[in-house]
Amino acid sequence: MEQLLSAGDVCTVLSSKEGKRFVPLAFRTLDNWCNLGIIQPMFQASGPGRHRMFRVLPDVLAVSAGISLRRSGFEFESAANVMKTIVSFNEQQIFDWFKEDRVCLVFFAGSVLPELLRADATREAIEEIKSNNNAIGPTAINLRQLHGNILKAIEILHGAKRDERRKRAAVN
């Protein structure tokens, strides 16, 4: 079953704590990525106060990868290419790859390999890219790990919302 999150929930789920510092995902960042066409919401209402709904796979996963890359110092264009590649996959394709233990997305010099690789094949692909391409620093992202982190954060978010509803019900 396809799981959807509002833009506000995406920002909450993908905000992180780095050491003692809380690093929020700004709604404006998500909005800019949508306006640039990097990420497209599943549903988008028009007008002021419009609501966007995003699929966990692949939309929120793509945003998570983009944030991770940007926070690691990668240029916007590299992160955007990775995000666009991830959103080109469908949910079933990603789940099928995860079942086959194909979890890593490899990118280099502005290019992204068009499918997920197994961990052992990832190392081989990176070595081949280095030897054939002289590309600067091919990098792999473990999408299954990012997906697991997203699911944990969603669980926490839903628990917090449930607790808030209970508190309101107890007051009334």
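Scroll up to find the structure this text is about.
Calculation rules
- Residues numbered from 1 in each chain as written.
- Predicted model: local features only at pLDDT ≥ 70, side-chain atom pairs only at ≥ 80, totals over all residues.
- Heavy atoms only, no water.
- Helix = DSSP H or I, 4+ residues; strand = E, 2+ residues; numbered from the N terminus.
- Buried < 20%, exposed > 50% of the residue type's maximum accessible area, 1.4 Å probe, protein only.
- Areas by Shrake-Rupley, 256 points an atom, 1.4 Å probe, with all protein chains shown as cover.
- Lys, Arg positive; Asp, Glu negative; His and termini not counted.
- Charge placed at Lys NZ, Arg CZ, Asp CG, Glu CD.
- Axes fitted to C-alpha atoms, helices over the stretch in contact; angles between N-to-C directions.
- Left-handed = near helix turned anticlockwise from the far one by under 90°.
- Contact = heavy atoms within 4.5 Å.
- Nonpolar A, V, L, I, M, F, W, Y, C, P; charged D, E, K, R; others polar.

Here we look at the overall build of the protein chain
Link 1 in the chain: When helices and strands are counted, the protein chain shows seven helices and nine strands.
Link 2 in the chain: Taken along its principal axes, the extent of the C-alpha atoms in the protein chain is 65 × 35 × 35 Å.
Link 3 in the chain: Within the protein chain, buried positions represent 40% of all 172 residues.
Link 4 in the chain: Accessible surface, the protein chain: about 10100 Å² in total, of which carbon and sulfur atoms supply 51%.
Link 5 in the chain: For the protein chain, the separation between the mean place of its 23 positive charges and that of its 19 negative charges on side chains is 9 Å.

Some thoughts on the packing of helix 1 (residues 7–14) against helix 7 (residues 143–171)
Link 1 in the chain: At a minimum axis distance of 9 Å, the contact between helix 1 and helix 7 shows a crossing angle of 115 degrees. Of the two possible hands of crossing, helix 1 and helix 7 adopt the one that is right-handed. Together, Asp9, Thr12, Val13 and Leu14 of helix 1 and Ile150, Ala153, Ile154, Leu157 and Lys161 of helix 7 make up the contact between the two elements.
Link 2 in the chain: Broken down by class, the residue content of the contact of helix 1 with helix 7 amounts to six nonpolar, one polar and two charged.

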